Structure formats: structure tokens, C-alpha cells
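Each chain, letter by letter, is given below.
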There are 2 protein chains.
Amino acid sequence: MKSKITLKDIARELEVSISTVSKALKNSEEISRDTKEKVQAFARLYNYKPNNIAISLKNKRTKNIGVVIPDIVHHFFTTVIRGIEKYANAKGYNVIVCLSEESFDKEVINMEMLANGSIDGFIMSLSSETQAKNDYNHLKEVTEQGIPVVLFDRITNEIDCDKVIIDDRMGGYLATKKLIEQGKQKIALITTDDYLSVSKARGDGYRKALLDSNIELDESRILKLPTMEMDEERIRNFFDSIEFDAVLCVNEIFAVFSMRVALEKGLKIPKDVAVIGFTNGLLSKYANPSLTVVAQHGEKMGEISAQMLIEKVESEKEEETFQTKILEPTLVVRDSTIN
Amino acid sequence: MKSKITLKDIARELEVSISTVSKALKNSEEISRDTKEKVQAFARLYNYKPNNIAISLKNKRTKNIGVVIPDIVHHFFTTVIRGIEKYANAKGYNVIVCLSEESFDKEVINMEMLANGSIDGFIMSLSSETQAKNDYNHLKEVTEQGIPVVLFDRITNEIDCDKVIIDDRMGGYLATKKLIEQGKQKIALITTDDYLSVSKARGDGYRKALLDSNIELDESRILKLPTMEMDEERIRNFFDSIEFDAVLCVNEIFAVFSMRVALEKGLKIPKDVAVIGFTNGLLSKYANPSLTVVAQHGEKMGEISAQMLIEKVESEKEEETFQTKILEPTLVVRDSTIN
DNA sequence: GTGTTTAACGAAAACGGTTTCGTGTTAATA
DNA sequence: TATTAACACGAAACCGTTTTCGTTAAACAC
């Protein structure tokens, strides 16, 4: 087991000082051609690579980005991570992923762990519990320490920082409009409680679209589940209890399951019931019938988040100007609506 | 912006030495009750937290685990990550995720980045390009430096390290047997080239099952795609070119798409065609009809990998004993087969 | 021969901790 | 009273770099 070689080892071997080795490897003008060549050759031979930790301590820069998200099995979040990775890696940053699993406490613990020197900045999406509690002290602490934060998707206005979201209200609006255009009047909405910022916005878009088309809002056609977790029973009961000719769902899974329930009821899709979901994942693409969705462009979101964060991290300036980037959702039309 | 407080700050403020502060915070017996209380109170007041980087440099332990995987949008890998996170977090470790995106070069670069002090050990699954090239020097280098490595799922025998796999051969066998039991004789297999270790093993299981049941192997019923990437055209052509009454696929996506093609041909599932895939993801559960799959227990795999790695990382012993854990796949029977 | 410049290198501080090994003071013991 | 042990603390080394600021010796000018 050959252990990693250090500057000290090279210095000892070549009978020069550590400083000389360090400078030689950086091609400093201070060092003679001879010495530089000798040191560099030796370093190459023994495959010297500087120790990242030591450099981090010295520079107070880790080249690590902390990503704290509620869940990783959700397609949307994985695409965001991919976008972050892509941009961050190209800039020489590593990505430390922590899962809050929708828990406030885990979110806090993870952030505290990372905030003590492990990372240069955070990219995060709030856990549902955090949004429900409306407690953002852990975020405040971090920003007050001067650690840059970028919030994406599930954000809050309580914290001053860069933000990236899609226009969920527009997404809800576009989808609902689409259903209305297809002659649907009794459009059900399956969503979650309003504390989840994205659900709230999507619901607002839905209402706006109905209003614009002079369709009366029927609250009984709205099912609010406590979380994004699937609850087959409640969805089945919901469909038994209402009349509907279309369904809008705040995620893919609710939508695909709704299609199944409709099919089981002997309804034709999209003739009797049209369905639209959010998130353009594998599920939508390969469901039978394939699902029309509001695409959220997660990868783009990740890239932009990473870009904004790294810009802040590498900026010398002290000025505190924060921006919120709003991406436009697009409708991906498939077979669960008439095209 | 209040910057982080250090031991030095506390020492200066309280007019004691840094060593005293350090010891007091660790509740050392050496320090008087008075001083300890004073220091601890002060530290609590100013919310002192030790700098992870400094500790890492001193201890030569980062409490970070490097995870290098080919893809994060695949359900299987996300469940593995979740398992790793779960175990690692409980043990106080952070997880640095890097994506090779099936590229040999990216795999090498990512490992080199992390190997220079950023992590205590690797958990990884080989990129397809690496398996194709059969070049594992980057892994050799890392293990020779004494950095523990755990390989999961896509492994190689060229490297001596801990490994976690599922018995893919058994998975292929179980699935094929199941189809045979249901009276199917013309069982198609959609897989990838053999360099992917898992595909090879699954194919072996398929052959073994046919052999055991005295069903002649018809190579024309096997479609080998170059990678796990979807190729709708080739799959369609494949189905046009053969007779079949069942399909086994090495992933969910191929399987769900096969179902769609079969349905388009007017075939009934599972009566005319039964379908089984690998990976028990969302797709299988919510597909119409729902898909029978070989479950790979990714989360379990992640947990075990993390456990094995952390054990090696924290073990003082020099002895090099490596083990390979083989998990048993299970068949999750749904509507794409007769039950 | 004296003073000044320049090239080439080394010593040491710094990053923020941990830990070993003194050391001075006080109290207990011979 | 002299010796010793216990106590409470500090100095300094160390982890592996980077970087500033000497320092030395040779080369040059006068």
C-alpha cells in the first residue's frame, strides 16, 4: 500500500525546502529552470496530487456544493441533480447530496453538518414539513454566516437569496386551459395542502383558467391530500364521489393512477376523461395511454441554480443583490388528452 | 454578516490558551470545572461549531463517502443512493455523488478528484464504457492507496474489494421459469451486449431456465441492444421479425415499451403475451397493465454497501479480507403475467 | 574594494483544530 | 521542613498546503 505522497516527501527526497517544491510545481518565476524540472519530473513520477483538504483549509474554499432536497426517488429532483452535477462538475465542483426526506429536523441537521466548512454554498428545495412549519431559522443562520444559498422549486419569501422556480401558476393555467379547449367542463384537481408552495400556485392557475372561461369553480372537485404521497384509497373514493370529465394532478403519479381508476370505471381516455399531470418523467412517457404533462425542465433548473450559486461563491463583491429566475413550463401533449 | 467563531476567538475572549478551550469543550478531566463551564457557556452563546475541514486535515478522516454511479435518473440507482444516505447519515457521514454518465473518462476524473483527500472511501457501480474497455487501473490505483472501495451491481472480478450484487442469474432464471410455468414457450429476451455484467448474468439465467425445461434456445428471439438506452425502432422491428408469447427484459423501460408494442399489435396481456422486466420502480407499478418484475432491492443494496464501506473505513486492522454479498432477487407478480 | 542589484531558495506564519508533553502552583506526605 | 504528587493549564508540534518575507551568494557598477 503506497500512501499518498506529500510536498514534504518530495522536499526530503530532493533535498530542497517545501516552499521550493510548492513553487516549482506552480511554475513560479522564483525557481530556477533546473530545480523546476527536477521537482516536476519527480512529482509526475510519483503521481503527486495536492491534498484537497489542506487546500480547502488554506483557501477557505472547498469546491463542494451542498444540495439538500426532500427526496431523490422523485424524477423531478433527480433531473435537477443531474443539471447541478453537469454545471458544477464542469466548474470543478463536487456535489454533496443530502436528503431531508420531507422532515424539518433532518433538513436542519444536514444543513448544520455541511455549514461547518464542508461546502461553499447550498442549493436546496424545502421539505414539506419546513414549509408547513414556516420556520426558516436554519436558512437565516446560514445566510447570515455569508454562505450563499439558492432555493429552487419549493421556495419561501422569508429568506433573501437567489431563487429558481418555474411558473407553476402558469403551468396550472396552461393545463386547465388545454382541458377546457377540449370541451371539458367538469375538471377535477388532485393536489396537496396549500402549504406546499408549488401546489398552491398550480391550484391558483387552475382557478384562474376556470374563471377566465366562466366555468364555475366547484370545490368538491378538488381533492387536497396532505402530502405528495400516494393514497390510493382516497383517490378512489374521490372519484366515486364526484362527476368529472377531466383531471389535473400536481404530479405524475396521481395522474397515472387516476387514469387507471378511470379505465377501471370503463371510461375512455381521453374521450370520457382527459388527464394532465405535472412532471415530465418516465412514467408519463411510458404510461398507457401516455400522459400529457406540464414539463418542469428540472435539468435546466439545476443548471441555472448551480450557475447562480457558483457565481455568488466566486464573486468577491459584498453587494447583496438577489434574483429570482422564473422558468416557463411547457405542455407536453400526449395521448391522455385529445390532440 | 457574523463569521464563524473559532477556538482562537474563544481563547482570546476568555484569556486562556487554545488548548484549554479545545480540552474544555471536550470535557477533558484536565480542565477545572470552573473553566469548563465558562468556556462551554461562551461557546454555546456564540454557537461555536468546530470546522470540519480542520478536523479532517488533522484526523485524515473526512466522514465523506464518494458515490460514483453511471446515472441518477434510473430508478434503481436512486434507491441505492437512498439506502446509502440512510445508513451513512446515521453514522455521521455525508455522501458525495458523482455521475460517470456511462463514460470511462468521467469515471476516472471523478475518482481522481475525490481520491485526493475528499473522501474516506468509494461506493460505485461501473460505467458501461468501463466494463466494455475492461480497464480498471483507476480502481487499482485507489485501492493501492488504501482507500476502501465497495462495488455494487456492476462489478468486476479484476479488482479485489468488497462487492454487493444481486443474483442476476437467479433473477433471469426465476422470471423465465415463471413464464414457462404459465405455458409460454416462445420467450423473447431484450437485453444488452454481454459486457454489461448484469445483462450477461440475466441472460445466463434465461438460458438455464429454458434448458432445464427442455425448451430449445432460439437465438433469433434474443435482442441485444448496445446499451440500456431505449431504442424504440429496434424493439419494434424485433417484434415484427419474430414469433413470441412472452418477453423478458433487462429493465423496466424495455418491458413497458414492449407491452405498448404488443398492445398496438392487438395482443392481449398477459393472455397472448406475458411480460417481465427488471427493476421494481414506479413504472412497473403504475404501468397499464402493471408489470411483473424482478425486484433488485436497491435500497437494501445501498445500505449494505454503506455498511461494508464504513466498517472498512473505521477498522484499524490492516488485514485484507474482502467479501461479496449476494442478495436474492424476488419476483413481484403483477398483471403482465397470469397470477 | 565597497555598495547594490538580482537570482534562487528557505524559514515561518497561516488556515483551525487535536494532542503530547512540559511547567508552575498548591496541597499532601515523609 | 523538604519532598512529592496532583492539579490546571499552556507551549508547541502536527495535519498539508500557500505565501510573504527574509537571506545568501554571485554578479555588477563605481
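Residues numbered from 1 in each chain as written. Chains lettered and ligands numbered in written order. Predicted model: local features only at pLDDT ≥ 70, side-chain atom pairs only at ≥ 80, totals over all residues. Heavy atoms only, no water.

Trainee: Teacher, can you tell me more about the overall build of chain A here?
Mentor: Check the secondary structure of chain A and you find 14 helices and 12 strands. A principal-axis box enclosing the C-alpha atoms of chain A has dimensions of 85 × 40 × 30 Å. When the 339 residues of chain A are sorted by exposure, 55% land in the buried category. By sequence separation, contacts in chain A at least 24 residues apart represent 72% of the contacts at least 6 residues apart. A total of about 15000 Å² of accessible surface is found on chain A, and carbon and sulfur atoms cover 47% of it. For chain A, the distance from the average position of its 46 positive side-chain charges to the average position of its 53 negative side-chain charges is 6 Å. (Helix = DSSP H or I, 4+ residues; strand = E, 2+ residues; numbered from the N terminus. Buried < 20%, exposed > 50% of the residue type's maximum accessible area, 1.4 Å probe, protein only. Contact = heavy atoms within 4.5 Å. Areas by Shrake-Rupley, 256 points an atom, 1.4 Å probe, with all protein chains shown as cover. Lys, Arg positive; Asp, Glu negative; His and termini not counted. Charge placed at Lys NZ, Arg CZ, Asp CG, Glu CD.)

Trainee: Would you mind showing me how to read the pairing of strand S6 (residues 187–192) of chain A here?
Mentor: Looking along a regular strand, one sees the side chains alternate between the two faces of the sheet. All names here are of chain A. Counting buried positions over the six residues of S6 gives six, a clear majority of the element. Going residue by residue along S6, you find Ile187, Leu189 and Thr191 tucked away on one face and Ala188, Ile190 and Thr192 tucked away on the opposite face as well. Relative to strand S8 (residues 246–249), S6 runs parallel, the two being bridged by four bridges. The residue bridging Ile187 from the neighbouring strand is Ala246, located in S8. By the bridge criterion, four bridges tie S6 to strand S7 (residues 222–225) in an arrangement that is parallel. The partner of Ile190 across the bridge, within S7, is Leu223. In terms of handedness, the path from S6 via helix H10 (residues 197–212) over to S7 forms a crossover that is right-handed. (Pairing = 2+ DSSP bridges. Right-handed = clockwise from strand over helix to strand, strands pointing away.)

Trainee: Explanation requested: the pattern of salt bridges in the structure shown.
Mentor: For side chains bearing opposite charge, pairing can occur when the charged atoms are close. Throughout the structure, instances matching the rule amount to 40 salt bridges over all chains. Glu299 of chain B is the partner of Arg82 of chain B in a salt bridge, and the nearest nitrogen-oxygen pair spans 3.4 Å. Here Arg82 of chain B is found in helix H5 (residues 75–90), whereas its partner Glu299 of chain B is found in helix H14 (residues 298–314), with 217 residues between them in sequence. Taking the relative accessible area as the measure of exposure, Arg82 of chain B reaches 27% and is therefore partly exposed. With relative accessibility at 21%, the residue Glu299 of chain B sits in the partly exposed group. Connected via shared salt-bridge partners are Arg82, Lys86, Glu299 and Glu303 of chain A. (Salt bridge = Lys/Arg side-chain N within 4 Å of Asp/Glu carboxyl O.)

Trainee: Which parts of the structure should I look at to understand the packing of helix H9 (residues 168–181) of chain A against H10 of chain A?
Mentor: Two numbers describe a pair of packed helices, the interaxial angle and the distance between the axes. Residues and elements named next belong to chain A. H10 packs onto H9 with a crossing angle of 40 degrees between their chain directions and a minimal axis gap of 7 Å. Between H9 and H10, the crossing angle belongs to the class labelled oblique. Every pair of crossing elements has a handedness; the one defined by H9 and H10 is right-handed. Side by side, H9 and H10 meet where Asp168, Arg169, Gly172, Tyr173, Thr176, Lys177 and Ile180 of the first sit next to Val198, Ala201, Arg202, Asp204, Gly205, Tyr206, Lys208, Ala209, Leu210 and Asp212 of the second. Across the contact of H9 with H10, the residue classes tally to seven nonpolar, three polar and seven charged. (Axes fitted to C-alpha atoms, helices over the stretch in contact; angles between N-to-C directions. Parallel < 35°, antiparallel > 145°, perpendicular 65-115°, else oblique. Left-handed = near helix turned anticlockwise from the far one by under 90°. Nonpolar A, V, L, I, M, F, W, Y, C, P; charged D, E, K, R; others polar.)

Trainee: It is not clear to me how the environment of Asn89 of chain B should be interpreted in this structure. Could you clarify?
Mentor: Its location among the elements puts Asn89 of chain B in helix H5. Its relative accessible area of 23% is what places Asn89 of chain B among the partly exposed residues. Contact partners of Asn89 of chain B, with chain neighbours within four places excluded, come to Asn110 of chain A together with Ile84 and Asn94 of chain B.

Trainee: I tried to follow the sheet that holds strand S10 (residues 292–295) of chain B on my own but got confused; where do I start?
Mentor: Residues and elements named next belong to chain B. Reading across from one edge, S7-S6-S8-S9-S10-S12 is the order of the six strands in this open sheet, with mixed pairing throughout. Two strands bound the open sheet, and with one partner strand each, they are strand S7 (222–225) and strand S12 (330–332). This sheet shows a mean twist of 20 degrees between the axes of neighbouring strands, independent of strand direction. Of the strand pairs in this sheet, strand S8 (residues 246–249) and strand S9 (residues 274–278) are connected by three bridges, and their pairing is parallel. Residue pairing for S9: Leu248 is matched across the bridge by Ile276. In the packing of helix H10 (residues 197–212) onto the sheet, contacts are made with strand S6 (187–192), S7, S8 and S9, and the angle to S6 comes to roughly 165 degrees.

Trainee: Any chance you could explain the protein's contact with DNA strand C here in plain terms?
Mentor: Close to DNA strand C lie 27 residues; Thr20, Lys23, Glu30 and Lys60 of chain A together with Lys58 of chain B are nearest. With respect to DNA strand C, the backbone of Ser32 of chain A contributes an N or O atom lying 2.9 Å from a phosphate oxygen. Ser22 of chain B places a polar side-chain atom, nitrogen or oxygen, 2.8 Å from a phosphate oxygen of DNA strand C. If one sorts the elements of the surface near DNA strand C by residue count, helix H2 (residues 18–25) of chain B sits on top with four residues. Partitioned by chemical class, the residues of the surface near DNA strand C number nine nonpolar, nine polar and nine charged. (Near = heavy atom within 4 Å. Polar contact = N/O pair within 3.5 Å; in protein donor to acceptor, adjacent residues only side chain to side chain.)

Trainee: I tried to follow the packing of helix H11 (residues 232–241) of chain A against helix H12 (residues 252–264) of chain A on my own but got confused; where do I start?
Mentor: Residues and elements named next belong to chain A. Viewed as axis vectors pointing N to C, H11 and H12 meet at an angle of 50 degrees, and their least axial separation amounts to 10 Å. Considering the angle they form, H11 stands oblique to H12. Both H11 and H12 take part in a crossing whose hand is right-handed. Along its contact with H11, which presents Glu232, Ile235, Arg236 and Phe239, the element H12 presents Phe254, Phe257, Ser258, Val261 and Glu264. In terms of residue class, the contact of H11 with H12 is built from five nonpolar, one polar and three charged.

Trainee: I would appreciate a short explanation of the packing of aromatic side chains in the present structure.
Mentor: Two aromatic rings are characterised by how far apart their centres lie and by the angle between their planes. All names here are of chain B. Counting across every chain of the model gives 11 aromatic pairs over all chains. Their ring planes at 55 degrees and their centres at 6.5 Å tell us that Phe76 and Phe152 sit as a pair that is tilted. With Phe76 in helix H5 and Phe152 in strand S4 (residues 149–152), this residue pair connects regions lying 76 residues apart in the sequence. Residue Phe76 is classed as buried on the basis of its relative accessible area, which comes to 5%. Relative accessible area serves as the criterion here: at 0%, Phe152 is assigned to the buried category. (Phe/Tyr/Trp six-rings, centres within 6.5 Å; stacked < 30°, edge-to-face > 60°.)

Trainee: For this particular structure, what's the right way to read the interface of chain A and chain B?
Mentor: How large an interface is tends to be reported as the accessible area lost when its parts come together. Taken together, the contact pairs 56 residues of chain A with 57 residues of chain B. Interface area for chain A against chain B, summed over the two sides, is near 5300 Å², with a carbon-plus-sulfur share of 56%. Taken together, chain A and chain B are joined by zero salt bridges. At the boundary of chain A with chain B, the tally comes to 21 residue pairs in polar contact (both at pLDDT 80 or more). Within the residue set of the side of chain A that touches chain B, elements represented by two or more residues are helix H4 (52–59), helix H5 (75–90), strand S2 (94–99), helix H6 (104–115), helix H8 (137–144), H12 and helix H13 (282–286) of chain A. Take the side of chain A that touches chain B: its biggest share by element is seven residues, from H5 of chain A. Class assignment of the residues belonging to the side of chain A that touches chain B gives a composition of 25 nonpolar, 19 polar and 12 charged. Here three bridges tie S2 of chain A to strand S2 (residues 94–99) of chain B, and the two strands are oriented antiparallel to one another. The residue bridging Ile96 of chain A from the neighbouring strand is Ile96 of chain B, located in S2 of chain B. (Buried area = accessible area lost by both parts, 1.4 Å probe.)

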